[in-house]
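Each chain, letter by letter, is given below.
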Amino acid sequence: MDLGAFSVSLSVRDIEASRAFYEKLGFSALGGDPAQNWLILVNGDHVIGLFQGLFDV
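S.K.: I'd like to hear about the pairing of strand β2 (residues 28-33), residue by residue, with values.
M.R.: For β2 and strand β3 (residues 38-43), the ladder comprises five bridges, and the chain directions are antiparallel. Across the sheet, residue Asp33 finds its bridge partner in β3, namely Trp38.

S.K.: Pulling in residues and values, what's your account of a nonpolar patch on the surface?
M.R.: On the surface, Trp38, Leu54 and Phe55 cluster together into a nonpolar patch covering about 290 Å² of accessible area. Mapped onto the fold, Trp38 is located in strand β3.

S.K.: Hey, could you go over the nonpolar core for me, with residue numbers and the actual values?
M.R.: Ranked by size, the top nonpolar core spans eight residues in total: Val12, Ile15, Tyr22, Phe27, Leu39, Leu41, Ile48 and Leu50. The set of elements that each furnish at least two residues to this core consists of α1 (15-24), β3 and β4 (46-52). The residues touching Leu39, leaving out its near neighbours within four places in the chain, are Ile15, Arg19, Ala29, Gly31, Gly32, Pro34, Ile48, Gly49 and Leu50.

S.K.: Explain the confidence of the model for the chain residue by residue, including any values.
M.R.: Looking at the chain, pLDDT values average 90 and 96% of them are 70 or higher. When mean pLDDT is taken per element in the chain, α1 scores highest with 97 and strand β1 (residues 6-12) scores lowest with 90.

S.K.: Now, about the side chain of Ser18: what can you tell me, with residues and values included?
M.R.: Relative to the helices and strands, Ser18 is located in helix α1. On the accessibility criterion, Ser18 (14% relative accessible area) is buried. Among residues more than four places away in sequence, those in contact with Ser18 are Val12 and Leu50.

S.K.: Can you tell me about the packing of aromatic side chains, naming the residues and giving the values?
M.R.: The tally for this structure, following the rule as stated, stands at two aromatic pairs. Seen from their ring centres, Tyr22 and Phe27 are 5.8 Å apart, and the 90° between their planes marks the pair as edge-to-face. Through a chain of ring-to-ring contacts, the aromatic side chains of Phe21, Tyr22 and Phe27 assemble into a single cluster.

S.K.: Report on unusual backbone geometry, specifying residues and quantitative values.
M.R.: In this model, Asn37 sits at a positive phi of 70°, which is unusual for a non-glycine residue. Inspection of the secondary structure assignment puts Asn37 in the loop between β2 and β3. A residue is classified by how much of its surface remains accessible, and Asn37, at 28% relative accessible area, is partly exposed.

Scoring rules and cut-offs
Residues numbered from 1 in each chain as written. Predicted model: local features only at pLDDT ≥ 70, side-chain atom pairs only at ≥ 80, totals over all residues. Heavy atoms only, no water. Pairing = 2+ DSSP bridges. Helix = DSSP H or I, 4+ residues; strand = E, 2+ residues; numbered from the N terminus. Patch = residues over 30% accessible without salt bridge, like charges linked within 9 Å, V, L, I, M, F, W, Y side chains within 5 Å. Areas by Shrake-Rupley, 256 points an atom, 1.4 Å probe, with all protein chains shown as cover. Salt bridge = Lys/Arg side-chain N within 4 Å of Asp/Glu carboxyl O. Core = buried A, V, L, I, M, F, W, Y, C linked by side-chain atoms within 4.5 Å. Buried < 20%, exposed > 50% of the residue type's maximum accessible area, 1.4 Å probe, protein only. Contact = heavy atoms within 4.5 Å. pLDDT = per-residue confidence, 0-100. Phe/Tyr/Trp six-rings, centres within 6.5 Å; stacked < 30°, edge-to-face > 60°.

Encoded structure:
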């Protein structure tokens, strides 16, 4: 069974620290703007959205 692309949005405390962590796992920036506290990372079919301070938790 092929489930296709997988994506998840994460609320993070430190976008640059989170970016560094996921880049060590093989993700790379696809879009977003860290200066605006959001970033999209991709690794193959897997997409992660990092959002700092944009959601109430």
